[in-house]
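# An overview of the molecular structure
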Amino acid sequence: MRHLILVGLCALTLAACQSSNTEQASLGNQPQLTVPQGAQSVKVAADPMTVRSALVSSAQERGTIVIQDEPNMVVMERQLTGENPALDSQFGPSDNGNRVIRIRLRFTGTPCETLIVQDLAVINNVRTALEQSFVLPGNPNTMQSLQGLKSRAEQSSSCPPVAS
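Keep in mind the model is a prediction, meaning the values are calculated, not measured.

Below, the discussion takes up the packing of helix α2 (residues 48-62) against helix α4 (residues 140-155). Any two packed helices are characterised by the angle at which their axes cross and by the distance between the axes. Contact geometry of α2 with α4 gives a least axis separation of 9 Å together with a crossing angle of 120 degrees. Here α4 runs oblique to α2, going by the angle between their axes. Pair α2 / α4 crosses with right-handed handedness. Two secondary-structure elements touch here, α2 through Thr50, Val51, Ala54, Leu55, Ser57, Ser58 and Glu61 and α4 through Leu149, Arg152 and Ala153.

This part covers the side chain of threonine 64. Along the chain, threonine 64 turns up in the loop between α2 and β2 (65-70). Leave out the neighbours within four places in its chain, and threonine 64 touches Ala59, Met76, Glu77 and Arg78.

Moving on, we come to the packing of aromatic side chains. Using the criterion set out here, one finds one aromatic pair in the structure. Ring centres 4.9 Å apart and planes at 35 degrees place the aromatic pair phenylalanine 91 and phenylalanine 134 in the tilted group. Placement of the pair is phenylalanine 91 in helix α3 (residues 85-91) and phenylalanine 134 in strand β6 (residues 132-136), with a sequence separation of 43 residues. Here phenylalanine 91 falls in the buried class, since its relative accessible area comes to 10%.

To continue, consider the layout of surface pockets. Taken as a whole, the largest pocket spans an internal volume of roughly 540 Å³. Together, 22 residues line the largest pocket, and Arg62, Met76, Ile103, Gln118 and Ser145 are the ones closest to its centre. Looking at the lining of the largest pocket, the elements with two or more residues in it are α2, β3 (73-80), β4 (99-110), β5 (113-124) and α4. In the lining of the largest pocket, the residues fall into eleven nonpolar, eight polar and three charged.

In terms of nonpolar packing, the biggest core is built from 23 residues, with Val44, Val51, Leu55, Met76, Leu105, Ile116 and Leu149 touching the most fellow members. Contributions of two or more residues to this core are made by β1 (40-44), α2, β3, α3, β4, β5 and α4. Ignoring sequence-local partners within four residues, the contact set of valine 51 consists of Val44, Ala46, Phe107, Thr114, Ile116, Leu149 and Ala153.

The next subject is the pairing of β5. Taken across its twelve residues, β5 has ten buried, putting it largely inside the fold. Here β1 pairs with β5 via five bridges, running antiparallel. The partner of lysine 43 across the bridge, within β5, is leucine 115. Bridge count between β4 and β5: eleven bridges; the pairing is antiparallel. Pairing of valine 100 across the sheet is with isoleucine 123, part of β5. Count of turn residues in the β4/β5 antiparallel hairpin: two residues.

In this model, α2 (15 residues) spans 21 Å end to end at C-alpha, consistent with the 21 Å of a helix rising 1.5 Å per residue. Those residues of α2 not exposed but buried are Pro48, Thr50, Val51, Ala54, Leu55, Val56, Ser58 and Ala59. Between the side-chain oxygen of the N-cap and the backbone nitrogen of methionine 49 there are 3.0 Å, and the N-cap of α2 in question is aspartate 47. Count one or two residues on from α2 and you reach glycine 63, which has phi positive near 80 degrees.

Attention shifts here to the environment of threonine 142. Positionally, threonine 142 belongs in helix α4. Since its relative accessible area comes to 17%, threonine 142 is described here as buried. C-alpha separation for the pair threonine 142 and glutamine 118, spaced 24 residues apart in sequence, amounts to 8.8 Å. At 2.8 Å, the side chain of threonine 142 and the side chain of glutamine 40 are in polar contact.

Calculation rules
- Residues numbered from 1 in each chain as written.
- Predicted model: local features only at pLDDT ≥ 70, side-chain atom pairs only at ≥ 80, totals over all residues.
- Heavy atoms only, no water.
- Axes fitted to C-alpha atoms, helices over the stretch in contact; angles between N-to-C directions.
- Helix = DSSP H or I, 4+ residues; strand = E, 2+ residues; numbered from the N terminus.
- Parallel < 35°, antiparallel > 145°, perpendicular 65-115°, else oblique.
- Left-handed = near helix turned anticlockwise from the far one by under 90°.
- Contact = heavy atoms within 4.5 Å.
- Phe/Tyr/Trp six-rings, centres within 6.5 Å; stacked < 30°, edge-to-face > 60°.
- Buried < 20%, exposed > 50% of the residue type's maximum accessible area, 1.4 Å probe, protein only.
- 1 Å grid on protein atoms, 1.4 Å probe; cavity = no way out; pocket = protein on both sides within 12 Å on 5 of 7 lines; lining within 4 Å.
- Points joined across faces, edges and corners; volume = space filled by probe spheres on them.
- Nonpolar A, V, L, I, M, F, W, Y, C, P; charged D, E, K, R; others polar.
- Core = buried A, V, L, I, M, F, W, Y, C linked by side-chain atoms within 4.5 Å.
- Pairing = 2+ DSSP bridges.
- Expected span 1.5 Å × (residues − 1).
- Polar contact = N/O pair within 3.5 Å; in protein donor to acceptor, adjacent residues only side chain to side chain.

So, in C-alpha cells, the structure goes:
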C-alpha cells in the first residue's frame, strides 16, 4: 500500500513539473533574436503563440509546405517550377533536383509585443547530395507578406497596435 502511494505521489510530482515547463515554454523564457543583415523584421501586437497560429494557418490556406513548426520558429518551402534564367545565372542551375524558396520565420516576445524575423534562401537541388543554399535579401514583396502576417495576427489579438 505504501508503495502505491509513493508511486502515485511521484506521478503527480512529474505531472506538475511537466505542466509547469509547458507554461514556461509558451511565453516564459523567450529566446533573444537578432536581425541579421538582409533579413526583415516586424513587431506585432500579439503573443508568439497567436503569431505562430496565424502563420501556420496562412501557409495551409496558400498551399505552402511547413517543414518545421516549433514554438518560436516556422520554416516553410515553396517549390519553384519552370525555368528561371535569372536564378540560374545568379545561383547556378538546379539540374539535379528541385529548386525551392525556403522561408524561416523566428519570433519571440511578450503577450502584446512579438518580434518576427524573416530569412529567405534559395535552395538548389533540394534534398539531394548536391543541395546548395543561397541567402536571399528581403524585398518589397516579402515585406508585404510579413505585413500581412502582422495584420492577420493582430486581428486575432486583443492587444493595442504597436509601431513596426
